Amino acid sequence: MSLSARAFPAARDVTAPLTMFGPDFPFAYDDWLRHPAGLGSLPAARHGTPVAVVGGGMAGLVAGYELMRLGLRPVLYEAGELGGRMRSVPFEADPRCAAELGAMRFPVAASTLFHYIDALGLRTRPFPNPLAPGTPSTLVHLGGERHYARSVEDLPPVYQEVADAWQKTLLDQAELAVMEDAVRRRDTVLLKAVWNRMVRTLDDQSFYGFLAASPYFRSFRHRELFGQVGFGTGGWDTDFPNSILEVLRVVFTGADQDQVGIVGGTGQLVQGLWRRPAGRAAHWPADTSLAGLHEGTARPAVTALRRVAGGVLVEDAGGGRATYPAVVHTPHVWTLLSQLDCDPALLSTEQWTAVERTHYMGSSKLFVLTDRPFWRDRDGATGRDTMSMTLSDRLPRGVYLFDEGPDRPGVICLSYTWNDDSLKVATLSDEQRLDVLLGQLREIYPGVDLRRHIVGPPISVTWETDPLFMGAFKANLPGQYRYQRRLFTQFFQDGLPAERRGLFLAGDDVSWTAGFAEGAVTTALNAVWGVLHHLGGASSPDNPGPGDVFDRLAPVQLPED
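This text gives an overview of the structure that appears in the document. A quick note: this is a predicted structure, and the numbers were derived from the prediction, not measured.

About the cut-offs
Residues numbered from 1 in each chain as written. Predicted model: local features only at pLDDT ≥ 70, side-chain atom pairs only at ≥ 80, totals over all residues. Heavy atoms only, no water. Helix = DSSP H or I, 4+ residues; strand = E, 2+ residues; numbered from the N terminus. Contact = heavy atoms within 4.5 Å. Pairing = 2+ DSSP bridges. Buried < 20%, exposed > 50% of the residue type's maximum accessible area, 1.4 Å probe, protein only. Phe/Tyr/Trp six-rings, centres within 6.5 Å; stacked < 30°, edge-to-face > 60°.

**Quick look at the environment of isoleucine 412**
Relative to the elements of secondary structure, isoleucine 412 occurs in strand β19 (residues 410–418). Spatially, the C-alpha atom of isoleucine 412 lies 14 Å from that of arginine 452, the residues being 40 residues apart in sequence. If we ignore the near neighbours within four places in the chain, the residues touching isoleucine 412 are Leu366, Phe367, Val368, Thr370, Phe374, Trp375, Val399, Tyr400, Leu401 and Leu450.

**Details of the sheet that holds strand β6 (residues 124–126)**
Overall, antiparallel pairing links the three strands, which are arranged β5-β9-β6 in an open sheet. Each edge of the open sheet is held by one strand with a lone partner, namely β5 (106–107) and β6. Bridge count between β6 and strand β9 (residues 259–262): three bridges; the pairing is antiparallel. By the bridge assignment for β9, threonine 124 is matched with isoleucine 262.

**Topic: the environment of glycine 230**
Note on placement: glycine 230 falls in the loop between α8 (220–229) and α9 (244–252). Look at glycine 230 and you get buried, because its relative accessible area is 0%. In this structure, the C-alpha to C-alpha distance between glycine 230 and leucine 558, residues 328 residues apart in sequence, is 31 Å.

**With respect to the packing of aromatic side chains**
Within this structure, the stated rule accounts for 29 aromatic pairs. Between the aromatic rings of phenylalanine 207 and tryptophan 236, the centroid separation amounts to 5.9 Å while the plane-to-plane angle is 90 degrees, which identifies the pairing as edge-to-face. Of the two residues, phenylalanine 207 is situated in helix α7 (residues 207–213) and tryptophan 236 in the loop between α8 and α9; the sequence distance between them amounts to 29 residues. One exposure class covers both phenylalanine 207 and tryptophan 236, and it is buried. On the basis of an interplanar angle of 65 degrees and a centroid distance of 6.2 Å, the ring pair of tyrosine 400 and tyrosine 416 is categorised as edge-to-face. Note that tyrosine 400 is positioned in strand β18 (residues 398–403) and tyrosine 416 in strand β19, a separation of 16 residues in sequence. Just as tyrosine 400 is buried, tyrosine 416 falls in that class too.

**Concerning helix α10 (residues 267–275)**
When we look at burial in α10, the residues that qualify are Leu269, Val270, Gly272, Leu273 and Trp274. Contact partners of the buried residues in α10: α2 (58–69), β2 (73–77), α3 (111–119), β9 and α11 (290–293).

Here it is in structure tokens:
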């Protein structure tokens, strides 16, 4: 792995795995899904009731699938293609190979997401993150210097100093040992006590400010190296302006370690949920699927949401108009401001403020198909790999190498960038991006003729310029915890006036772990509980849902005055 606290774990006799459990709302979604009592039941009169699900990404597919299993009729609307940021794009030259433009690596700690991955029988393999055990080699290229490594011990001593500084900072300034132990044991009392205290003291602190305040990061050089090489998945300097709470959530729950990719691409998960039979479900035959209920095609893009008698009126780009007693909205919340004609009464003034203040990270990728995984060749002079997973302070930033064996084509993510680095290429065409990146990679690998191995045109994405997304994922700035709480807790609508009931927000930007599919899945399940409750149903007393324990587990509420 890269410079991570995982390389230097605290000595504890704890065998339970880290999972993305809490810390803001420590509800065991994975246990709720696995319980034999199911997620709940509805009055028979409600069976077959249509419920709108806006967006066919991970959150929309999970919400639709579980609502179907409860006996409702989910009506899925999608403006683009199913999958959202689970976007696998096949290469023209060989459609067996695809560019993963969105989600491509998943922490095994994402236990709720893996409920579905395992249920679909999908295979995974270690993702080639920097210095990860399954990564053949890593090249760190900073300040014009090149360092070839298979583990962190192969890097110069200053990198070890940075790794130690990060570990000590987490242990001394962020109670890492206590928090990991509480997550492993799912000790909600301890977890909430410690985390709530951190929220009160660290909400106004940026990631960079947290590092600069640490006695172990007094050196600017150490902070610079940490930002460029980072921990777990690479450099984190583009996250430096964000709230330190965003980073600590990732660290405490193991989301930065042991990441895997899905064999065959993320499209396997998308199509699997779309076509998966309901099985033992209320109302519907066991072979019912979302694809079957929609005759193979989702409804077109939603253009308006309005409060009317009997529920929420949904208008779509095809001219359709239908009123639903409940609607689950899963796209980025900014779409409520600019893509939809949305009735202001559907959310409170405070919730609309939170929508307005949501901050998104930008991100770009560029992929190419190669004739073969030539990077596995040995350099005759050094005996090293011809190319390696690469971390650089130059424009490519992160280069990832994927292969299915010597007799198959290879795939390279030539550049994976964020925020300012993403904007540097946002106005360039795919071919222009390719030319710029190849020019910079020639300086890193002067003896490698990358272009002669490339087959067909490149494939790229810049999420902040995509009109359906306008950003890669939410990342709170310092002081934005209160806004996030308003959006996350919106699914719990007890006590709200009638005009604000029935619309349920879901998706990873509503979650506490934006950018992770786990957040999309768990907020979708929150919305499922919300719809169940709204339509007169209930979870089993033996298997209470997130709303049933909301008062006990609710995120801490910070004062506003």
